[in-house]
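# Observations on the model geometry
Listed below, chain by chain, are the residues.
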Amino acid sequence: MSEFLANKPEGYRVAVVGATGAVGETMLEILEEREFPVAEIVPLASSRSAGSKITFHERDVVVQDLETFNPEGIDIALFSAGGSTSLQHAPRFAEAGCYVIDNSSAWRMHDDVALVVPEVNPQALAMAHENRIIANPNCSTIQMVVALKPLHDVAPIERVVVSTYQAVSGAGRKAMDELAHQTRYLLCGETCDAEVFPARIAFNVIPQIDVFMDDGYTKEERKMMDETRKIMGADLAVTATTVRVPVFYGHSESVNVSFAAPMTAARAREVLAEAPGVCVVDDPASEDYPLASEAAGTDPVWVGRIRDDDTCINSLHLWIVADNVRKGAALNAVQIAELLL
């Protein structure tokens, strides 16, 4: 991969757009944890949050207004402020010579924009030499392809059927507040209304994430299907059902995979045990398997319940779990930034 950013021993000027949001805060934490070479951190947000402070490397830094900020001199900008904000401001930053890593869905399916998961398709980053905008995939897509790519390299995957069980943090802070409030009200015998979600989320399961499309799939399901094909290959058949569950952090997925060549559960365990970014937890005898509660706050993609599908030749079932805010958003973005160096 050819060089993107010139070596700067003193470090780089890094902007975090949406720095006061849940993902933005986690981006800042991960930049610190991974000792990313930051010479100057520039937190940006809307005018409502401008003037507040974030802490980076034990120093208070004032949040600046994105609308009025001049991006000249910024090397890398991590965006996590929504699609409309990215469509408006990412080109402005890119034109100023900055590499933009965008966490929204705004740029993912543009033909000239790289959609990157570092463990899966780092070569796609070459597209960023032209327009300097790089898209971070959907959180549920990221964790699935990290687990599928090593298997695909051994035996080509023909078809994927995935059902997700997605945490409320994927819908933001207001969604987490709604789950907390509804849970408290219901445990106290009181009634509660749904505002963020289409139905009550506490003590419930909602088989809808985002709006419905004309074909009956939701927009979230369509994202997973289209993004997986863009990342792993257009000829891959993918179908998805995405479901919201009353969990704060950690997306879980039940994935059925069909291969073009022989692949057994035993072989899959061997391959995944050596795969970058993957941890296998799969011991039915001791009832050991990945849990969202244990994946929360961690970086790997956890895989378990690996078993042969006896109803279909060369097919497996997998259970895939990851922290949707870390690997599903902030960590993947920082890993992309690391590739730029």
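Up top you'll find the structure we're talking about.
The structure contained in this document is the topic of the report that follows.

Basis of the calculations
Residues numbered from 1 in each chain as written. Predicted model: local features only at pLDDT ≥ 70, side-chain atom pairs only at ≥ 80, totals over all residues. Heavy atoms only, no water. Axes fitted to C-alpha atoms, helices over the stretch in contact; angles between N-to-C directions. Helix = DSSP H or I, 4+ residues; strand = E, 2+ residues; numbered from the N terminus. Left-handed = near helix turned anticlockwise from the far one by under 90°. Contact = heavy atoms within 4.5 Å. Nonpolar A, V, L, I, M, F, W, Y, C, P; charged D, E, K, R; others polar. Pairing = 2+ DSSP bridges. Core = buried A, V, L, I, M, F, W, Y, C linked by side-chain atoms within 4.5 Å. Buried < 20%, exposed > 50% of the residue type's maximum accessible area, 1.4 Å probe, protein only. Salt bridge = Lys/Arg side-chain N within 4 Å of Asp/Glu carboxyl O.

## With respect to the packing of helix α4 (residues 139–154) against helix α6 (residues 219–232)
- Their axes nearest at 10 Å, the elements α4 and α6 cross at an angle of 35°. Handedness of the crossing formed by α4 with α6: right-handed. Residues Ser140, Thr141, Met144, Val145, Leu148, Lys149 and His152 of α4 pack against Glu220, Lys223, Met224, Glu227, Thr228, Ile231 and Met232 of α6.
- When the residues that make up the contact of α4 with α6 are grouped by side-chain class, the tally is 6 nonpolar, 4 polar and 4 charged.

## Notes on the sheet that holds strand β2 (residues 38–45)
- Spatial ordering of the open sheet is given by β5-β2-β1-β6-β7-β9-β8, a layout of 7 strands whose pairing is parallel. At either end of the open sheet lies a strand with only one pairing partner, and these are β5 (64–65) and β8 (114–115).
- Alignment of strand β1 (residues 12–17) against β2, held across 6 bridges, turns out to be parallel. Looking at the pairing, valine 16 lines up with proline 43 of β2.
- In the packing of helix α1 (residues 22–33) onto the sheet, contacts are made with β1, β2 and β6 (76–79), and the angle to β1 comes to roughly 155°.

## Focus on the nonpolar core
- Ranked by size, the top nonpolar core spans 57 residues in total, and within it Phe93, Leu148, Val160, Val255, Val303 and Leu318 carry the most contacts.
- Element by element, the count of residues in this core is highest for α4, at 7 residues.
- Core analysis: the second largest hydrophobic core is formed by 38 residues, Leu5, Ala45, Val63 and Ala114 among them.

## Side note on the pattern of salt bridges
- Across all of its chains, the model carries 15 salt bridges by this definition.
- In this structure, the salt-bridge partner of lysine 223 is aspartate 210, at a minimum N-O distance of 3.8 Å. Here the residue lysine 223 occupies a position in helix α6, and aspartate 210 occupies one in the loop between α5 (173–187) and α6, the gap between them amounting to 13 residues.
- Among the residues examined, lysine 223 registers a relative accessible area of 17% and is labelled buried.
- With relative accessibility at 33%, the residue aspartate 210 sits in the partly exposed group.
- Residues aspartate 215 and arginine 222 are paired through a salt bridge, measuring 2.3 Å at the closest nitrogen-oxygen approach.
- Classification of aspartate 215 by relative accessible area gives partly exposed; the value is 44%.
- Several salt bridges share partner residues, and in doing so they unite Glu33, Asp299 and Arg326 into one network.

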